[in-house]
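Coordinates in review
One letter stands for each residue in the lines below.
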Amino acid sequence: MTVMDQRATREGRPVPPPAWQPRTDPAPLLPDAEPHRVLGTDAAARVDPELLRRLYAEVVRGRRYNAQATALTKQGRLAVYPSTTGQEAAEVAAALVLDERDWLFPSYRDTLAAVARGLDPVQALTLLRGDWHTGYDPREHRIAPLCTPLATQLPHAVGLAHAAQLKGDDVVALAMVGDGGTSEGDFHEALNFAAVWQAPVVFLVQNNGFAISVPLAKQTAAPSLAHKAVGYGMPGRLVDGNDAAALHEVLGDAVARARGGGGPTLVEAVTYRMDAHTNADDATRYRSDSEVEMWRAHDPVLLLERELTGRGLIDEAGIQAVRDDAEERAAALRERMNQDPALDPMDLFTDVYAEQTPQLREQAALLRAELDAEAEDAEGDQA
């Protein structure tokens with residue numbers, strides 16, 4: 001029987017079968033018309049002052065970390081660096097809302113989020129230095145490998161969260177992606193699986209305006225990226241991505257909802273990439289200086305500093321102490337990154353399988369023999 005064969009209503013229109021009826025009421029899933037804000041509003045008075053001070057310290061450290069990492073590319077110590085200058089609030093908030101048992105799934109641009117979660121900054125930059133695919137143990141830090149292919153980490157986050165759910169583990173996965181990643185199939189597949197399984201996942205989209213040089217308007221005609229959540233049956237939240245307090249609140253609510261069995265949430269943080277896409281990009285070819293300057297007035301560091309000083313929660317001495325701490329951390333990073341790493345070619349065969357395959361053992365033995373032969377030749381040349 002087709003839909004047209006159904007019994008007609010009094011208006012003469014066919015009645016669709018039950019499978020056509022909405023599975024979910026869309027109204028509660030829709031994002032607000034405007035991004036959620038806290039700083040500079042009456043809601044800021046309800047935020048814990050200690051949290052505001054911590055957010056400020058982490059954002060200032062993040063700004064200096066971005067500047068130092070960018071400088072390292074110019075000194076030849078990093079092959080490439082995708083800066084998050086201007087996006088520090090989203091990076092920091094994503095790290096701080098997670099418990100130790102939770103997992104962070106970052107993209108290649110999210111080294112700051114990994115550092116804010118406690119990862120050694122040198123280990124966070126090892127991939128971008130070209131030394132290792134991942135310079136840290138993901139299990140130890142509960143941080144998935146930095147993902148260079150766009151959005152492929154999102155289905156992985158859903159898989160881990162669903163597995164934890166099946167095992168009864170109280171774990172939430174927070175997956176980060178840029179606006180460009182929402183144009184990839186992995187993004188849509190991940191959202192669909194997460195919603196169907198009601199997996200404890202939070203998707204954080206940092207909408208920084210451009211996918212390299214492609215503006216958002218050429219990627220989607222949706223009212224916002226947060227609206228995409230509704231089509232998959234999960235809530236969409238729209239938040240000011242430069243407002244660290246608002247981000248902490250929205251992401252914290254989403255994590256608590258996921259942990260409580262409420263399922264996934266898609267959060268769109270509206271922010272701006274102040275620097276170029278990477279050190280290899282010329283951003284002046286696709287955006288104006290006036291556009292960048294307009295966003296500087298909405299800088300996440302300034303927003304927090306204005307709130308703290310306006311409420312008397314920090315003075316000039318406190319601000320200088322935070323800056324000095326950030327400078328000390330940058331100096332330590334610079335010193336360590338200026339040291340040539342000691343690389344062992346035999347590391348090619350570690351951390352591939354829990355137990356090496358016969359082929360790997362054979363290849364490792366061959367490489368070892370070649371290295372030993374080279375060492376003997378070098379000793380002979382010196383004799």
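Residues numbered from 1 in each chain as written. Predicted model: local features only at pLDDT ≥ 70, side-chain atom pairs only at ≥ 80, totals over all residues. Heavy atoms only, no water.

**Re the sheet that holds strand β6 (residues 236-240)**
- Strand order in the open sheet formed by five strands is β1-β2-β3-β7-β6, and the pairing between neighbours is parallel. Each edge of the sheet is formed by a strand with only one pairing partner; in this case those strands are β1 (103-105) and β6. Between one strand axis and the next, the sheet turns by 20° as a mean value, whatever way the strands run.
- Along the sheet face, helix α6 (residues 153-167) touches β1, β2 (173-178) and β3 (201-207) and points at about 170° away from the line of β2. (Pairing = 2+ DSSP bridges. Helix = DSSP H or I, 4+ residues; strand = E, 2+ residues; numbered from the N terminus. Axes fitted to C-alpha atoms, helices over the stretch in contact; angles between N-to-C directions. Contact = heavy atoms within 4.5 Å.)

**Focus on the packing of aromatic side chains**
- According to the stated counting rule, one finds six aromatic pairs in the structure shown.
- Residues Y65 and Y81 carry aromatic rings whose centres are separated by 6.2 Å and whose planes lie at 80° to one another, so their mutual orientation is edge-to-face. With Y65 in helix α1 (residues 49-74) and Y81 in the loop between α1 and α2 (88-96), this residue pair connects regions lying 16 residues apart in the sequence. As far as the burial class goes, Y65 and Y81 line up, both buried.
- Here the aromatic rings of Y272 and W295 are separated by 5.1 Å at their centres, their planes lie at 10°, and the arrangement is stacked. Taken as a pair, Y272 in the loop between β7 (265-270) and α9 (289-296) and W295 in helix α9 lie far apart in primary sequence, 23 residues in all.
- Chaining the aromatic ring pairs together yields one cluster made of F210, Y272, Y286 and W295. (Phe/Tyr/Trp six-rings, centres within 6.5 Å; stacked < 30°, edge-to-face > 60°. Buried < 20%, exposed > 50% of the residue type's maximum accessible area, 1.4 Å probe, protein only.)

**Some details on the packing of α1 against helix α8 (residues 244-259)**
- Their axes nearest at 10 Å, the elements α1 and α8 cross at an angle of 110°. Taken together, the axes of α1 and α8 lie roughly perpendicular to each other. Judged by the sense of rotation from one axis to the other, the crossing of α1 with α8 is right-handed. Along the contact surface, α1 presents L51, L52 and L55, while α8 presents A244, A245 and H248. (Parallel < 35°, antiparallel > 145°, perpendicular 65-115°, else oblique. Left-handed = near helix turned anticlockwise from the far one by under 90°.)

**With respect to the pairing of β7**
- The buried fraction of β7 is high, at five of six residues.
- One ladder, built from six bridges, connects β3 with β7; its direction is parallel. Bridged to V202 within β7 is T265.
- Across five bridges, β6 lies against β7 in parallel orientation. Pairing of D240 across the sheet is with V270, part of β7.
- Crossover handedness for the path β6 to α8 to β7: right-handed. (Right-handed = clockwise from strand over helix to strand, strands pointing away.)

**Topic: helix α11 (residues 316-337)**
- The end-to-end C-alpha distance of α11, which contains 22 residues, comes to 31 Å, matching closely the 32 Å that a straight helix rising 1.5 Å per residue would cover.
- Listed as buried for α11 are I319, V322, A326, A330, L333 and M337. One side of α11 carries all its buried residues, which in axial view fall inside an arc of 70°. Across from the buried face of α11, at angles greater than 90 degrees, the exposed residues are E316, A317, E328 and E335. (Expected span 1.5 Å × (residues − 1). Arc of directions from axis to C-beta.)

**What about the environment of D243?**
- Inspection of the secondary structure assignment puts D243 in the loop between β6 and α8.
- The spacing of D243 and A173 is 70 residues in sequence and 22 Å in space, taken between C-alpha atoms.
- Residues within four places of D243 in sequence aside, it is in contact with R37, V38, L39, A89 and L303.
- A distance of 3.0 Å separates a polar atom in the side chain of D243 from the backbone nitrogen of A246. (Polar contact = N/O pair within 3.5 Å; in protein donor to acceptor, adjacent residues only side chain to side chain.)

**Concerning the side chain of N208**
- With respect to the helices and strands, the residue N208 is situated in the loop between β3 and β4 (210-211).
- Judged by its relative accessible area of 5%, N208 is buried.

This is a description of form; function is not addressed.
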